[in-house]
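Residue-level listing of the chains:
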Amino acid sequence: MSKGLKIFLASPRGFCAGVDRAIEIVEKALKKFGSPVYVRHEIVHNKYVVDNLKKKGAIFVEELHEIKDNSRPVVFSAHGVPKSVPKEAENKKMFYVDATCPLVTKVHRETERNNKNGYQIILIGHKGHPEVVGTMGQIPKENITLVETAEDAKNIKNENFNKPVAYVTQTTLSVDDTKEIIEILKKKFPNIKSPIKEDICYATTNRQNAVKHIAPLCEMFFVIGSENSSNSKRLVEVAKKAGCSKSQLINFDKRLPLDQIIKCNRIGLTSGASAPESLVQDFISEIKKHCDVSIEEFVTARENVTFKLPKSLN
Ligand code: SF4
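Residues numbered from 1 in each chain as written. Predicted model: local features only at pLDDT ≥ 70, side-chain atom pairs only at ≥ 80, totals over all residues. Heavy atoms only, no water.

Engineer: Mind showing me how you'd approach the sheet that holds strand β6 (residues 120-124) here?
Structural biologist: Note: strands within a sheet are paired through backbone hydrogen bonds, in either parallel or antiparallel orientation. Reading across the sheet, the three strands line up as β7-β6-β8 and stay open at both edges, with parallel pairing between neighbours. Strands with a single pairing partner mark the edges of an open sheet, and in this sheet they are β7 (144-147) and β8 (165-169). When strand polarity is set aside, the average angle formed by the axes of neighbouring strands in this sheet is 25 degrees. On top of the sheet, helix α4 (residues 102-116) reaches β6, β7 and β8; it is set at about 170 degrees to β8, its chief contact. (Pairing = 2+ DSSP bridges. Helix = DSSP H or I, 4+ residues; strand = E, 2+ residues; numbered from the N terminus. Axes fitted to C-alpha atoms, helices over the stretch in contact; angles between N-to-C directions. Contact = heavy atoms within 4.5 Å.)

This is the structure in structure tokens:
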């Protein structure tokens, strides 16, 4: 008889409404227009998803100038793009479909509106992440300042802000770290304008909450997701902060640390918003080959969010 192992499974986990929509957009575009369909940047940050779409005829590029045939459609990824990208596509007379998550678009519009109303914007986010590049690219760069950490927020000089200040955030940040940064900003700029509705999205918040409940009960914690997935990496940090120091990201092509797993009695498992459920089930099946697994699912929220597809795909 093999050793018993309990897996605490987080719920909600995995695909969010924005990821579902983005993947469906590429699939529908392939169906409607045939292949190839170009996709600017990984449609969502998951290699497994990207590889599958490649097999169906999608070609991934980082910039529009890499596209060899401008008569083919191009899809912009779920992370959003700077305004210069649709403009470039229009100049080149390219047909594009924008798969930016509507919750990222909300942050774009908010940033634009605040800029139009005379605010200097502070964006809380991670430098270089495509969502941050996209949000910063909605307005002239001198009107937006990036803050990555609490330290950055402390170092901001009030005298450099000679107009009212508003903040927006990336959608996939750590809820707790962001709260700390916002508190610092509020002390510096007592009249700082907050977003009307929280920018960190429902999916990020729900997945982090579920992990917080489970991680303290676990000897090891696994987050299925890719290295470049912001929300997946945040889940690892949240699990560590909640008390499970042995928390790690697992890519679908990474070998599982089975020698360590089989020494545990209880492990935790979740997946980032861009990781398909099949990878979670593969992980469980692999462990079942070595342990007598029992699964307890922790449901901390129910999700029923869906987003409409762009009309051009009807
Ligand atoms: S994580 Fe949130 S913002 Fe990002 S695609 Fe999903 S729902 Fe949209």
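Additional details are given in the paragraphs that follow.
Engineer: Looking at this model, I keep getting lost on the site of the ligand. Mind explaining?
Structural biologist: Close contacts around the ligand come from Cys16, Gly18, Cys101, Leu103, Thr171, Thr172, Cys201 and Tyr202, and that covers them all. Spatially, the ligand is embedded in the largest cavity. (Near = heavy atom within 4 Å. 1 Å grid on protein atoms, 1.4 Å probe; cavity = no way out; pocket = protein on both sides within 12 Å on 5 of 7 lines; lining within 4 Å. Sits in = over half its atoms within 2 Å of the grid points.)

Engineer: When you look at the sheet that holds strand β12 (residues 292-299) in this model, what are you seeing that I'm missing?
Structural biologist: Pairing within the open sheet is parallel, and its five strands lie in the order β10-β9-β11-β1-β12. Edge positions in the open sheet fall to β10 (247-250) and β12, since each of these has one partner strand only. Between one strand axis and the next, the sheet turns by 25 degrees as a mean value, whatever way the strands run. Across eight bridges, strand β1 (residues 4-11) lies against β12 in parallel orientation. The residue of β12 that forms the bridge with Ser11 is Val299. Contacting β1, β9 (220-224), β11 (266-271) and β12, helix α8 (residues 202-214) crosses the sheet at an angle of about 150 degrees to β1. This element, helix α9 (residues 230-241), spans β9, β10 and β11 of the sheet and lies at about 160 degrees to β10.

Engineer: For this particular structure, what's the right way to read the side chain of Asn206?
Structural biologist: Examined against the element boundaries, Asn206 turns out to sit in helix α8. Using a relative accessible area of 16% as the deciding quantity, one classes Asn206 as buried. If near-sequence neighbours (up to four positions away) are discounted, Asn206 is found in contact with Pro12, Thr300, Ala301 and Glu303. (Buried < 20%, exposed > 50% of the residue type's maximum accessible area, 1.4 Å probe, protein only.)

Purely geometric numbers; function is a separate question.
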